[in-house]
Every structure is written in C-alpha cells, then in structure tokens.
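Fold and geometry: a report
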Amino acid sequence: MRKHLRHDESGIALITVLLVVMLASALMAGLFAAVVSDQRSQGFDRDQSQSYSAAHAGLEKLTTQVAQLFVTDFSPNAAQLATASAVAPSIYGFNYVSPGGGSGYAVTFNPDTNPGPNFGNPMPSASNDITTGPFAGFKGLITPYTLTVTARSTGGGSEVRLRRDLQTVAVPVFQFGVFGEKSLSFHAGSDFDFGGRVHTNGHLFLAAGGSANVIFRDRMTAVGEVVRSQLENTNPITASGHTGTVTIPTVIGSTYRNMTASEGSVVGGPGSAAVSGWKNLSEATYNTNIRNTLTGAKRLDLPLVSQGAAPIDLIRRPALGPPFENLTNAVVYGQRYYAQASLRILLSDRAADLTGLPTITGAAPIALDNTFAQPMGMPPVALSIGPALAATAIASTGGTGSSSTGTVTLTGGVPNWLRMGGVASPTFTIGASTVTNCNVMTATQIQGCTVAGATTPLNTDFNVTIATGEVLTFRTGSGGSATTGTGRSITLVSTLNLAWGTRLVFGGNGTPLSCTGYSATANQLTGCYWTTAPTGTLTTNALSNAGQSLLGGFIKIEKQDNATPPVWTDVTAEILNLGFSGPNQEGTSAPCADPTPNAVIRLQRLRDNGRPTAACAYGGTLMATDFWPNVLFDAREASFRDLATTAPMNMGGVMNYVAIDVGNLKRWFAGTIGATGAQALNNNGYIVYFSDRRGNHDPLSAIAVDAETGEYGNEDSVNSLAGAGSSVANGILEGGEDRNENLTLQTYGATPSTVAGVVPTGAPAGAVPFGTGATPLTAIPVANARAARMNKQVLFRRALKLINGGINAGVNNLPDTGLTVVAENGVYVQGNYNATAASVNAEPNRPAAVIGDAITILSNSWTDANSLNFPNDRAARDATDTGYRFAMIAGKSIPFAKPGWATLGNWGTDGGVHNFMRMLEYWGSATTYYRGSMVSLYTARQMIGMFKNNTNVYYQGEREFAFDTDFLQPTLLPPGTPMFRDINTLRFRQILRPNQ
C-alpha cells in the first residue's frame, strides 16, 4: 500500500513539474513578449522622433528658402515660390511625401482669383500694422504664407507633419521721419519739430541752440550711444552754445518731457563711461520711446548689405563686364536704380565706359561734339570761340552805363573772329549756289562773297567754317538774295556774330563788351555798351581752340519698356532731337525765348548778353558759339575755410551740370512729345537714373586703365592740421577725409585726367584755370570770372539739376503716377518741387523722391549767373519762399573733432539733420517749406564740401520742415522706395490628422 501511495505521488510530482515548466514557459514567453513589445515601442518612438526631427529640419530649411527669396523680391509669384520649395532636404531614410501623395514640402498662399496678370499668384501684399519684431508700430506690406512639411520614415513607416504660419513684412524706408546709416546729429539753432520716427545705426547726438527747442514726436532708436552733452565734433554743448531744450515723448501724441544734458546713455561722447540710470530712463521714464542697443534697439540694414554690397550701390553704376553683374550677382544688380529705371541717362568720356555696362543696348553712344547733327532749326552742340585774337589793342569812344552808342576801334586789321577766311576763304553752298571768297561778317550779313549758280535763298540753313576753325550754322533771311557775281552780300535773319555779348571781355577789368554792329571800313565795333570804361587787352575768355566742344564726352539714354522680361531701347537720338539747350539767364531786360522749349534734358544754355536793359537780339541763333555749358558756382564745394566775400572763385566749386526739365519729362512719358515715352516702365510711377562720369578717372586703379570710380577722388581736402588760414593738401589722411572708408588717401581727382578729351585741345598748361595744371583750389581771377561760364570744367565736377517741377495753377509738373529721380552725382533742386511757394500741402501732389550723392535746394529766385557773379558773398544771393515735397536719400559729410583754431562751435560736424538738405543762398526772411522723409544711407563721395554756415555759403532763414505722413500709406510711396525686410513667424504646430 505504501508502494501504491508512492506510485500515486510520483504522478503528482510529474504533474507538478509539468505545471512548473509550463508556468516558467509562460513567464518566459511573457517576458519575451514584453521585451519584444518594448523593443518595438522603443523602435517606433525612435523612428517617430527621427521623423519629427526630419520634418523640423525640412521646415527650417523651407523657412530659410522663403526668407532668401523674399530678400530679392518682396512680392514673389507662384513660380518663384514653387522653385523655392522644389528641392526638399536629402536625409537618409526619410522621404517628404504628403499623406495623400504629392510633395510633403510645400508653400501655400491665398491665390489671386481676379482675372489679370496676377491670377494664381499670391494676393498683393496688404498694408497692415506691424505688431511684432523691430518694426512694431509701422505699417508694412504684409503677405501671409503657410509652410507644411511631412517627413516619412522609409524604414519604420512613421510620419510627422509640421506646419508653420509666417508673414513676410516689407517696411518702406520712407516711413522713418529720419533714418541714418551713420550717426545722426540734431543741434538746430532755431526750433526744429520735424516729426516721424528716428533711427540710426550709429550714435544719436541730441542738442539745441541756446534758445531753441528740438522736439521729437515719435520713437527714437540708436544702435550706438545717445549723446546729450556734446556735439558730434566732440565739442561740449556748453562750449558750443547748444544748451537749448530737447523734448522727447513719454506717451506718443500726448505727453512730453525735456531730456537734460546729463541724461544720455554716456556721460560724454561715445566710448565714455555709461550713465547708471540710462536703462530706467529709457524703459520706464520714456516708456522705450528712446532706446539704444542696451535697451532694445536693433540694427536695420537693406537687403543688399547682406549680399556683399553697400547702401551706396543703390545709386552706383554696376561695374563694366564681362563678367556682367546681372549674371554673376543678379540679387544686387536688381536692387540698383540703374536696373530699375524707366529711363537712364549715362555720360562718360569714352564710349567703351558705356557699351561695357550690363544690359546696355547695342546702339553706339552719341559724341557730344560738332559731329552730332541736330534737326533743322535746333541749336548745335556748344563750341569754343577760340582764344586767339588778331587785334590786341583797342581804343574806345562813347559813354558808359546805359549807353549803347560807343565804338571800339580795333588795331592790326580785321581780326579772325570777324573774318570769313581772308585769302583762304571757305567754300559753302546755299541751295544750288556755290559761295566763295567771303571776307567779312557783320551783324546781319556775310559780305564780299563770290556767288556762282545763283538761286534766291529763302530760310535755308547752311554751315560755314571760318578761319578760326569754328563751324557756324546760319539761316538766310527771307528778304535776302544771292545773285551771281563778286562782292555779293548774303543777308541773315538774325544777328549771328562771333564778337557780340559777353564772349568778349576786357582783360584789365573783366568788363563784358556788347556791340550791335561792325564797320569793316573803319575796323570798328559799333553800338557798343560797357559798364566800366574799356581798358587793357580784348580777349574771348575761351581757353580752348576754336571749334572744340564745350560739352565733350559721350551720352547714352535708354528706356526700359513695360515688358517681362525687361526690354531696353536706346532713345538717345529721340531725346536729343527734342533739343537740349536752355535760355540765357543774364543780360537782357527779359530772357530770350527758350531755344528748345520741348527739351527733356538741357546740356547747355544760350550765352549771356551782358546788356541788362537790352532786348534779346539773338534768341533764334543757331550758332554753336552762342551756347555755353550749364555752370553754377557752389561755395560749399569750393573752399574749406572762411574767405573774404570779395575773394575769387575756386575751381572746385565750378559745377558743370545737366538739367532735367521735369515738366517736359512728364510730357514725354505721356507721349505728347517724342515718340516712345508712353511705352516706358510705369511701376506705380517712373524712375529716372542719371550718371555723369566725364572727367572721372583713377590712373592708379587696379581694375582697369584710368578706370571710372564714381567718386571725386579728392580726399586730401579738410586738412584741419594746416590751421585756419589754409586748406592746402598736406598728404595726411585726417578725420573727415576718408570718404570711401578704405583707409587710403585718394588724390587723383585733384588734377585733371590725361584721358583724351578731358582737357580740350588748346587749353593752357600750368596752374591756369581750365588747363592741365588746374586744381580744386586754383583761383579764377575776378577779371576772368566769366571764363567759368564759357569753358568746359576739366575736373570731375559734375551734377544734375531738376527744374520746372512745381505746381502751377493747379497743375503738377510731375507725372501723375509719381516720380523718383536718382543720380550718382550731386543733385540741385531749383524752385518749387511738387509744391508751391506758399504750401507744401498744395494739391494735386504726387509721390516723389530725390536720391543722390548729396542734395542742395535752390530757391525760386536762384540764377546760375548770380552765383558766378557773387561766388563768395551769400548776401548777394537772395532767396525767396520756396516749397519742396519729396522723400530724399543722400550722403552727408564725415564729422571730425573741432580743431582748436576753429571759431564756430559746430565746425567739424556734418551740419546736423536740419542741414541735411544743403543751401547756397541768403534766405534772410524767406522761408523754406519742406515736407518729406530724410534718409542718409552713405557718405557723399562726390560732393565733399564740409558743412559751413558762414558768410560765403548760406544763411538758413526760416525752416518749416515736416514729415510727410502720406508715406505711412504704402500706396502713396514714391516709386522704387527701398524696403527693409523681415520675416515674422506667427504659429507652429504638429498636424495629427491626414486631412488637415
């Protein structure tokens, strides 16, 4: 029985063992399952995590691609966006595929469904308030986009979908009241209340004249320091007399507080000790309405700065090619106004400096010399009368002053400038007649001619080359005849004589000689007028050989059409055939009629007559020597020290300019004159680009032989170490001189270039005005002052002048859609511009901007002749009330430490924001009305004259300046307004459902 029990127990043991084994197996299976499940879970989590990282990487890459596209184009089209999102990141083990198929790497937007050229592209940017980022508070052009990225693992199959909403923000630079790439300085001597937001990427200097109040109305930001206790020339305000009141808002629009002299961010100038209470003052007292970097200010740069260029490249010509910049750096090229222009006007001494530019057309530039033939009835290119005279001694009889009955007897026979050729008489034709042996030209006739094959010449133009080498264009009179025979006379329509007017002066006192006739038998000039009894030698004041062009160089004018891609067309001949001459300014009781009333550009003007009370007797002249270059005298550019008001003019201030007649430009764009202007690119207005580099050559350039630079190249000019009495070059790079910031002293612009044509043939050598020895400080003697207005400038002193741009009788002379004029050179704005003399709020106003190396305003009463007659006496250049309404971008001077010998407390400053627009007149009781936006993006490279408010240059009078709040509305901005650009991310999320 025990055996049986043992047998039964052995069965139970077996079962127990089996149960234990089964339990162990189950435990092992469970453990294995748990391990496998855990491994799978970890693998899935790892795969999911990696997919998330891949999706996030793709989203960041796509954001960067959109941002890069936005930098080049603030309103990209659908094709550009598709290209930007076409290439997804390449990450091993992951694809970018959306749940429903297709790309998992995409940019979407709200498409424009309206019929038209923008159909299917993003809806046009809307103007909205910006609430985040450095431009908070501005209105910007905002476009929303949605970025969606789906990353799918090729191994584990996990998928992550991420989405980001962002907006591109374009902020117009003209929404700032004042913007400075360099430091900004406010120290007006009278009340200054401009308005608008202020920003500088440099330091902000705040001061006011002793009894003045400088008032700010909006936020102010400075990347550098806020300096309250000294001017930018390091002079303490207590020493300079700028101890007036500076008022800053604590609550914009309602509450203001005066900032004391001890409340800047530093105790002295930049680099001095910090003010301990600045952070609280900025953030709490002023509620961040004035900030520097310490309290949140951020640097603001235009897009091209991040693309290897500088702000001044906006107005620069691109470099010559090949390679061409539009192909090698299209991003920078597209931001140049040269590329954006509706019309570009280019001048150089050599044709190759124009034909080598990118996107230039194949038409050859036109030479501005006697080879250019104008249409019949149009004045030709101005030519020199020549310096030689056969008669060097004179005797005179008759009265002075208003008398016009005097005579001047010439000695030595008939001079060449009255002779038609003498023994070697020229041969010419009138109709079917051949004319030879003419020997004398009077006021109304060519005499002593032999005529063969006679016809009756009625109003026929013909050219004659006289003994001096001068080519003259004549028109015969309707009552004249040319009968066959010898000793015949040919009658002319008008007085076309070489000798009359201010082309002849007496060397002893510079008195211009004006006569109405010539007696060949007595060898006398008759009907003469002079203001001072004639003495000395009779000269022409012409300093180049007869027949030499007074303009010189080559011109090329091109129009960009409304087409995609852009199409450029040469319109040089079309523009020049409208005429390019202006009326005289001095010498008659009323100016002569405009010789070319439809001229869009004016390269020259009718000569002065020298007879203040005489009627115009030569208005219809077609003689080349009756025209002179456009010249004015700029006292700021001429000298760097105080001079006697009677001092002669220096060569550096003699500015040769080209004028744009804004009223006629409007007519050309409208198609009412010319032939093709109505086809020009009109992108919410027109852009005109101008660059004149005649005389601009650097012989030491490593780029090319005698390369053009677009810079004056006369940096050795301030020379404060030389003392009060002299600004003669000293060969030392000093403060205020390094205009291009390359730490090298350039001096090539201080002497005329040797490139052919810069110095005309016959110009005297040595230290003589308009010769090879000329320098910016070469003085033109008072007795020869008229030489400045009738000779070609041999230094690089070129500029643009805007005329006829005001509102008259309710008609605005600017194009209706707006106008931006951009010049690589300095710009003079003469007379009312987009305004009247009584109001800058006159209607209809147009979106307008003027952009240049520097901008000088000239009043309604300005005349070039007056600036030349009184070069260093501001009191003799009286201004009258004038209105200007335009946004401006211009360069300014480099401030430097005030030298101990300087008497003016602000000597060495750049003049401050209140003097950003330069002046050359005595405004006295006159008022300057200005409404706009003031932007300084670069240092002036051509207009290098330092700030001087002395008796030579100007007196400011009453300023009525105000920020133009129209610019807060993007639709009212001038065409081509530069934009700061930013990307704001608004929302980021993971998408969990495939149908989202």
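The model shown is predicted, which means the values in this text are computed figures rather than measured ones. Residues take numbers from 1 onward in each chain, read along the sequence in its written order. Reporting in this predicted model follows two pLDDT cut-offs: at least 70 for local features of residues, and 80 or more for side-chain atom pairs to be given and counted; totals over whole chains, interfaces and linings ignore these cut-offs and use all residues. To obtain the side-chain values, all non-hydrogen atoms of the structure were included, while hydrogens and water were left out.

**Regarding the packing of aromatic side chains**
- Between 30 and 60 degrees the pair is tilted, below 30 it is stacked and above 60 it is edge-to-face, where a pair is any two Phe, Tyr or Trp rings, Trp via its six-membered ring, whose centres lie within 6.5 Å. Considering all chains together, one arrives at 21 aromatic pairs under this definition.
- Pairing F886 with Y930 gives two aromatic rings, centres 5.6 Å apart and planes at 70 degrees, and the pair type is edge-to-face. Note that F886 is positioned in the loop between β50 (882-885) and β51 (887-892) and Y930 in strand β52 (residues 927-932), a separation of 44 residues in sequence.
- Burial classes follow relative accessibility: with a 1.4 Å probe on protein chains only, a residue under 20% of its type's maximum area counts as buried, one over 50% as exposed, and anything between as partly exposed. Look at Y930 and you get buried, because its relative accessible area is 0%.
- The interplanar angle of 25 degrees and the centroid separation of 5.2 Å between the aromatic rings of Y922 and Y955 together place this pair among those described as stacked. Here the residue Y922 occupies a position in the loop between β51 and β52, and Y955 occupies one in the loop between β53 (934-939) and β54 (958-963), the gap between them amounting to 33 residues.
- When its relative accessible area of 29% is taken as the criterion, Y922 is described as partly exposed.
- Given the relative accessible area of 31%, Y955 is considered partly exposed.
- The positively charged end of R217 is found above the aromatic ring belonging to Y256, 5.2 Å away from the centroid.
- Positioned above the aromatic ring of F640 is the side chain of K948, whose terminal nitrogen or guanidinium carbon lies 5.5 Å from the ring centre. Put simply, DSSP H or I for four residues or longer makes a helix, DSSP E for two residues or longer makes a strand, and each gets a number counted from the N terminus. Whether a charge sits over a ring comes down to the Lys NZ or Arg CZ being within 6 Å of the ring centre and within 35 degrees of the ring normal.

**Observations regarding the sheet that holds β50**
- Paired strands are those between which DSSP finds at least two bridges. Ordered by their spatial adjacency, three strands build an open sheet running β50-β52-β54, and the pairing between neighbours is parallel. Only two strands of the sheet have a single neighbouring strand rather than two, namely β50 and β54. On average, each strand axis in the sheet is tilted by 10 degrees relative to the strand beside it, whichever way the strands run.
- Pairing analysis gives four bridges linking β50 to β52, with the strands arranged parallel. Along β52, the bridge assignment pairs R885 with R931. Geometry is summarised by axes, namely lines fitted to C-alpha atoms with helices restricted to the contacting stretch, and by angles between N-to-C directions that run from 0 to 180 degrees.

**Re unusual backbone geometry**
- Note that the residue after G321, namely P322, is joined by a cis bond; omega there is 0 degrees.
- Secondary-structure assignment places P322 in the loop between β15 (290-292) and α5 (325-328).
- Note the cis peptide between E843 and P844, where omega equals 0 degrees.
- Examined against the element boundaries, P844 turns out to sit in the loop between β47 (826-830) and β48 (848-851).
- Even without being glycine, N719 reaches a positive phi, approximately 50 degrees.
- Looking at the secondary structure, you find N719 in the loop between β41 (686-692) and β42 (779-780).
- In this structure, N804 takes a positive phi of about 60 degrees despite not being glycine.
- Counting through the fold element by element, N804 comes out in the loop between β43 (798-803) and β44 (807-808).

**What to know about the sheet that holds strand β9 (residues 204-206)**
- One open sheet holds the three strands; their spatial order is β7-β9-β12, and the pairing between them is parallel. Only two strands of the sheet have a single neighbouring strand rather than two, namely β7 (184-186) and β12 (226-227).
- The sheet contact formed by β7 and β9 spans three bridges and is parallel. By the bridge assignment for β9, S185 is matched with F205.

**Here we look at the confidence of the model for the protein**
- For the protein, the mean per-residue pLDDT works out to 86, and 86% of the residues sit at or above 70.
- pLDDT measures how confident the predictor is about each residue, on a scale from 0 to 100. Note on definitions: a residue-residue contact is assigned when non-hydrogen atoms from the two residues lie within 4.5 Å. This model gives residues 494-502 a pLDDT under 50, and the stretch forms 54 contacts once residues within four places in sequence are excluded.

**A short note on the layout of surface pockets**
- Every definition here rests on a 1 Å grid over the protein atoms only: cavities are sets of points where a 1.4 Å probe fits but cannot get out, pockets are open sets enclosed by protein on both sides within 12 Å along at least five of seven lines, and lining residues have some atom within 4 Å of a point. Grid points are joined across faces, edges and corners, and a volume is the space filled by probe spheres set on the points. Of the volumes computed, that of the second largest pocket is approximately 650 Å³.
- As for the second largest pocket, its lining consists of 27 residues, of which A319, R693, I703, E708 and T709 are closest to the centre.

**Notes on the pairing of β53**
- With six of six residues buried, β53 is to be regarded as a mostly interior element.
- Looking at chain direction, strand β6 (residues 176-180) and β53 are connected through three bridges and run parallel. Pairing of G180 across the sheet is with S936, part of β53.
- Where β51 meets β53, five bridges bridge the pair, whose relative direction is parallel. Residue pairing in the sheet places A890 in a bridge with S936 of β53.

**A look at helix α11 (residues 662-670)**
- Taken residue by residue, α11 has V662, G663, N664, L665, W668 and F669 as its buried positions.
- N or O atoms closer than or at 3.5 Å make up a polar contact, with two conditions inside protein: a donor-capable atom paired with an acceptor-capable one, and, for residues adjacent in sequence, both atoms drawn from side chains. Here α11 starts with a cap whose side-chain oxygen sits 3.2 Å from the backbone nitrogen of G663, and that cap is D661.
- At the C-terminal side of α11, G671 shows a positive phi close to 85 degrees.

**Focus: a nonpolar patch on the surface**
- On the surface, I15, L19 and M22 cluster together to form a nonpolar patch covering roughly 320 Å² of accessible area.
- Here I15 shows up in helix α1 (residues 2-72). Residues enter patches when they are more than 30% accessible in relative terms and free of salt bridges; like-charged ones are connected within 9 Å and nonpolar ones (Val, Leu, Ile, Met, Phe, Trp, Tyr) within 5 Å. Using the Shrake-Rupley algorithm and a 1.4 Å probe, accessible areas are obtained, with residue cover drawn only from the displayed protein chains. Take a side-chain nitrogen of Lys or Arg and a carboxyl oxygen of Asp or Glu: if they are within 4 Å of each other, that pair is a salt bridge.

**Looking at the pairing of strand β23 (residues 445-452)**
- As paired elements, strand β21 (residues 433-436) and β23 share three bridges and run antiparallel to each other. Across the sheet, the residue bridging to V435 is V451, located in β23.
- Bridge count for β23 against strand β26 (residues 485-491) is four bridges, and the pairing is antiparallel. Bridge pairing in β26 links C449 to R488.

**Looking at the pattern of salt bridges**
- Scanning the model with the defined rule gives 37 salt bridges in all.
- In this structure, the salt-bridge partner of K801 is D864, at a minimum N-O distance of 2.8 Å. Of this pair, K801 sits in strand β43 while D864 sits in helix α12 (residues 864-869), and the two are 63 residues apart along the sequence.
- A residue is classified by how much of its surface remains accessible, and K801, at 1% relative accessible area, is buried.

**Quick notes on the nonpolar core**
- Think of a nonpolar core as a cluster: buried Ala, Val, Leu, Ile, Met, Phe, Trp, Tyr and Cys residues, connected wherever their side-chain atoms sit within 4.5 Å. F186, L206, I601 and Y833 are the most contacted members of the largest nonpolar core, which totals 116 residues.
- Top element by residues in this core is strand β40 (residues 654-661). It accounts for six residues.

**Notes on the environment of L551**
- Along the chain, L551 falls in the loop between β31 (538-539) and β32 (554-560).
- Given a relative accessible area of 4%, L551 falls into the buried group.
- When neighbours within four sequence positions are excluded, L551 is seen to be in contact with L368, V381, A382, L603, Q604, P629, R694, K792 and R798.

**As for empty space enclosed by the protein**
- Overall, the coordinates contain ten cavities of 30 Å³ or more when judged by the stated rule.
- For the largest cavity, the calculated volume is near 120 Å³.
- Taken together, 16 residues line the largest cavity, and the ones lying closest to its centre are K892, D910, G912, V913 and F916.
- Where the lining of the largest cavity is concerned, the elements lending two or more residues are β6, β7, β51 and β53.
- The classification used treats Ala, Val, Leu, Ile, Met, Phe, Trp, Tyr, Cys and Pro as nonpolar, Asp, Glu, Lys and Arg as charged, and all other residues, Gly among them, as polar. For the lining of the largest cavity, the class distribution of residues is six nonpolar, six polar and four charged.

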